[in-house]
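# Geometric and topological summary
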Amino acid sequence: MENAYLGGQWQTAGSGARTAVTDPANGETLGQVPDLDSPTMQAGIDAAVAAFADWRHSTAGDRAEALLAWYDGMCRHRDPLAEMMTREQGKPIDEARGEVDYAASFLRWFAEEARRIEGTAIPPEAPTLALGTRREPVGVAAIITPWNFPLAMITRKVGAAIAAGCTTVVNPASETPFCALALARLAEAAGLDAGQFNVLTGSGRTFGETVCADTRVRALSFTGSTHVGRALLAGAADTVKCTSMELGGNAPFIVCDDVDLDRAVDDAIAAKFQTSGQDCVAANRIYVHRKLYDAFVARFVERMNAMPVGHGLDEATAIGPLIHSQAVADVQALADDAAAQGARLFGRPQNEAPGPNFFMPTTIADFTPAMRIAREEAFGPLAAIAPFDDDDAVMAAANDTIYGLASYVYTHDDARIRRFLRGLDYGMVGINTMDITGAQVPFGGVKQSGLGREGGHAGIEAYLETKFYCIGDAHR
Ligand code: NAP
């Protein structure tokens with residue numbers, strides 16, 4: 001049993017309501033967390049407001065040291081954090097270790113960025129004037145994160161916010177609160193002041209409504225689905241908050257006819273099946289030049305069918321469970337729709353799945369634009385492949401979506417690389433690589449995949465305001 005973390009205190013819900021957290025692989029109850037009501041969430045905001053009064057005036061050095069101490073704590077607790085993540089989220093343990101490293105890297109990155117927040121000097125029109133800008137923290141930042149990356153989606157936002165001098169209230173996904181609470185313990189041990197990092201467990205909807213209505217919350221950052229992002233943008237409009245949104249994706253993965261087939265297949269497998277396919281940058285639509293198409297499909301299915309499916313704590317597992325049974329039903333519905341419209345389906349039978357939350361990896365070959373899979377994100381181990389004949393047509397197909405997060409292109413031809421780079425309407429383009437993430441990367445999407453960037457130099461912008469000043473001559 002864990003409590004929420006408010007103002008440096010471990011608190012239960014006023015009403016005593018609690019939500020169970022389960023291992024998605026086997027349904028085992030791992031524990032419970034408080035289901036905070038809106039007044040208790042407001043108490044968390046009170047704590048963040050109180051902490052902001054001091055933290056806003058902290059030095060870059062203070063911020064860097066707090067973040068580095070937090071980073072060290074994450075590194076020292078790598079194995080228990082990874083195990084906890086696999087238990088509550090389901091991802092294979094090696095991927096969980098990778099996420100701990102990735103999540104910690106944002107704390108170190110933003111510790112460094114804290115020292116690079118700079119203003120400007122503006123040439124005045126009179127010699128006695130001094131004009132310039134200061135960068136100041138926005139204020140209290142509210143942060144809502146999803147379950148697929150339960151540590152990294154928090155540190156990517158909170159690291160930037162704390163480095164900027166903001167304080168934070170965080171609502172983790174109901175499925176994965178333990179990772180967030182473990183981060184709170186490490187923040188406490190690292191010496192972050194009470195109220196700088198509050199973890200308010202409970203319904204995302206209640207949290208969203210509470211922070212949207214509160215004028216003291218000045219920034220709202222969300223990672224999750226596009227439809228919830230739209231609702232939060234509308235809610236944040238009432239109090240005109242600074243918003244940043246990392247939303248859904250529908251990534252195209254384009255394989256031209258001049259590439260090494262095996263390498264392209266290896267990367268397509270990795271780009272589709274990481275996080276058991278529950279990844280916003282996962283390759284959702286794989287387009288392969290017709291010359292390579294049959295060989296690619298055969299090799300891809302062979303590689304997919306060799307991936308062990310099981311509990312994430314088994315070191316051999318490559319595909320873990322989906323987050324809950326509804327996720328399995330959603331993926332199955334996309335596969336059924338494609339089959340009904342004439343696609344070929346490949347994969348091991350679903351009755352070989354080790355439990356009700358598992359979906360056996362499946363490939364849809366010959367998908368068409370009329371199928372749901374062409375427009376909707378398959379948040380699971382369901383790959384879709386179609387042939388193409390010319391670059392302009394595949395670029396148009398790739399861009400024919402409301403989303404614009406990640407895209408991938410495989411070709412050795414320099415002119416083609418430049419054409420795809422210019423033409424793809426995506427926030428991120430991986431060329432001959434699917435490894436497009438990292439603390440140094442301005443991660444984010446265009447169109448309905450979001451607003452703003454996280455990580456990189458850009459990631460701190462969501463938490464900074466620009467204050468202009470003009471100093472006149474007092475002795476004039
Ligand atoms: P989701 O339903 O949008 O949930 C994400 C979070 O939003 C959860 O913490 C949830 O809280 C909360 N939430 C739900 N309804 C809410 C509301 N009305 N107001 C405020 N918060 C609310 O997303 P999901 O389906 O679980 O997650 C997968 C989606 O996230 C995919 O579309 C994926 O592409 C996207 N994603 C994007 C990125 C990126 O960086 N672009 C990264 C990861 C995931 P509760 O748990 O309490 O419901």
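In this report, the structure presented in the accompanying data block is examined. (Residues numbered from 1 in each chain as written. Predicted model: local features only at pLDDT ≥ 70, side-chain atom pairs only at ≥ 80, totals over all residues. Heavy atoms only, no water.)

Turning our eyes to something else, we now look at the overall build of the protein. A tally of helices and strands in the protein yields 14 helices and 20 strands. At 23 Å, the protein has a C-alpha radius of gyration in line with the 23 Å of a compact globule built from 476 residues. Principal axes of the C-alpha set define a box for the protein whose edges measure 80 × 60 × 40 Å. Across the 476 residues that make up the protein, the buried fraction comes to 56%. Here the contacts in the protein between residues at least 6 apart in sequence split such that 74% fall between residues at least 24 apart. Charge-centre separation for the protein: the mean point of 40 positive side chains lies 4 Å from the mean point of 60 negative side chains. (Helix = DSSP H or I, 4+ residues; strand = E, 2+ residues; numbered from the N terminus. Rg over C-alpha atoms; globule rule 2.2 N^0.38 Å. Buried < 20%, exposed > 50% of the residue type's maximum accessible area, 1.4 Å probe, protein only. Contact = heavy atoms within 4.5 Å. Lys, Arg positive; Asp, Glu negative; His and termini not counted. Charge placed at Lys NZ, Arg CZ, Asp CG, Glu CD.)

Either a parallel or an antiparallel arrangement is found when strands of a sheet pair, and the pairing is made through backbone hydrogen bonds. With respect to topology, seven strands assemble into an open sheet ordered β14-β15-β16-β13-β12-β17-β18, the strand pairing being mixed. Of all strands in the sheet, those bounded by a partner on one side alone are β14 (344-347) and β18 (428-431). Mean inter-strand twist for the sheet, computed between neighbouring axes without regard to direction, equals 20°. Here β14 pairs with strand β15 (residues 362-365) via four bridges, running antiparallel. Each residue of the ladder has a partner; that of F346, found in β15, is T363. (Pairing = 2+ DSSP bridges. Axes fitted to C-alpha atoms, helices over the stretch in contact; angles between N-to-C directions.)

Once that is clear, we can look at the environment of L129. Here L129 is to be found in the loop between β5 (120-122) and β6 (130-137). Exposure remark for L129: the relative accessible area of 31% places this residue in the partly exposed category. When the C-alpha atoms of L129 and V211 are compared, they prove to be 41 Å apart, with 82 residues separating the residues in sequence. Each residue touching L129, except ones within four places of it in the same chain, is listed here: P124, C470, I471 and G472.

Here the focus is unusual backbone geometry. Positive phi, normally seen in glycine, also occurs at T275, with a value near 55°. The exposure class assigned to T275 is buried, which follows from its relative accessible area of 3%. Not every positive phi belongs to a glycine, and S276 is a case in point at roughly 55°. Within the secondary structure layout, S276 lies in the loop between α9 (261-273) and β13 (283-289). Note on S276: relative accessible area 1%, which makes it buried.

Structural measurements only, silent on function.
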